[in-house]
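So the chains spell out like this:
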Amino acid sequence: QVQLVASGGGLVQAGGSLRLSCLASGRTFRTYYMGWFRRAPGKEREFVAAISGENNRDYADSVKGRFTVSRDNAKNTMYLQMNSLKPEDTAVYYCAADPSRIPTTGWGQSVHFWGQGTQVTVSS
């Protein structure tokens, strides 16, 4: 069982930056794939970024070049550095964990563990 706690959301102007954190419980953090999803108002949850225990990364096309996912296995923490934020990045962001690779399509229906969301609002 993995428990996840996301933090770091907030209100920022377009072009600004935020860093989200996801703290995970458990001794086997380094063996889990970790990821971020988001749900914008009126839309389905969508994949944002994921990282393996060996630091292999996947990104949604919409965030490539602007967002960076990283992890610190010693701290059981995953991060999402978000730069050049746009109003369309406004969403509730969720962190996720799974023993298998996190899928980059769909809304994460096969992912086993989820944190609570953290709101990111980008004003124009």
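Since this is a predicted model, take the numbers as computed values, not measurements. (Residues numbered from 1 in each chain as written. Predicted model: local features only at pLDDT ≥ 70, side-chain atom pairs only at ≥ 80, totals over all residues. Heavy atoms only, no water.)

Topic: the packing of aromatic side chains
This is how the line gets drawn: Pairing of aromatic side chains requires ring centres within 6.5 Å, counting the rings of Phe and Tyr and the six-membered ring of Trp. Pairs whose planes differ by under 30 degrees are stacked, by over 60 edge-to-face, and all others tilted. Numbered from the N terminus, helices here are DSSP runs of H or I no shorter than four residues, and strands are runs of E no shorter than two. The buried label applies to any residue whose accessible area, calculated with a 1.4 Å probe on protein chains only, is under 20% of its type's maximum; exposed applies above 50%, and partly exposed to all values in between.
Evaluation of the coordinates by the stated rule reveals 3 aromatic pairs. Look at phenylalanine 37 and phenylalanine 47: their rings are 5.7 Å apart centre to centre, the planes differ by 80°, and that puts the pair in the edge-to-face class. Note that phenylalanine 37 is positioned in strand E4 (residues 33–39) and phenylalanine 47 in strand E5 (residues 46–51), a separation of 10 residues in sequence. Residue class for phenylalanine 37 comes out buried when judged on its relative accessible area of 0%. Residue classification places phenylalanine 47 among the buried positions, given a relative accessible area of 5%.

Let's talk about the state of the cysteines
Which entries qualify depends on this criterion: Disulfides are defined as pairs of cysteine sulfur atoms found within 2.5 Å of each other.
This structure, assessed with the given rule, holds 1 disulfide. The disulfide partner of cysteine 22 is cysteine 95, and the S-S distance across this bridge is 2.3 Å. Measuring handedness by torsion sign, the sulfur bridge of cysteine 22 and cysteine 95 sits at about 65° and is right-handed. Within this pair, whereas cysteine 22 is found in strand E3 (residues 18–24), its partner cysteine 95 is found in strand E9 (residues 91–98), the two being separated by 73 residues in sequence. In this structure, cysteine 22 and cysteine 95 share a single accessibility class: buried.

Examining the pattern of salt bridges
Just so we agree on the cut-off: A carboxyl oxygen of Asp or Glu within 4 Å of a side-chain nitrogen of Lys or Arg is what we treat as a salt bridge.
Tallying each qualifying case throughout the model produces 5 salt bridges. For arginine 38, the salt bridge goes to glutamate 46, with nearest N and O atoms at 2.7 Å. Accessibility expressed as a relative area gives 5% for arginine 38, which makes it buried. A relative accessible area of 34% means that glutamate 46 is categorised as partly exposed. Here aspartate 89 ties to arginine 66 by a salt bridge, and the two come within 2.7 Å at their closest N and O atoms. Note that aspartate 89 is positioned in the loop between strand E8 (77–82) and E9 and arginine 66 in the loop between strand E6 (57–59) and strand E7 (67–72), a separation of 23 residues in sequence. Judged by relative accessible area, which is 11%, arginine 66 ranks as buried.

Digging into unusual backbone geometry
Of note in the backbone geometry, asparagine 76 takes a positive phi value of approximately 55° without being a glycine. One can find asparagine 76 in the loop between E7 and E8. Taking the relative accessible area as the measure of exposure, asparagine 76 reaches 17% and is therefore buried. Its identity as a non-glycine residue notwithstanding, serine 84 has a phi of 50°, on the positive side.

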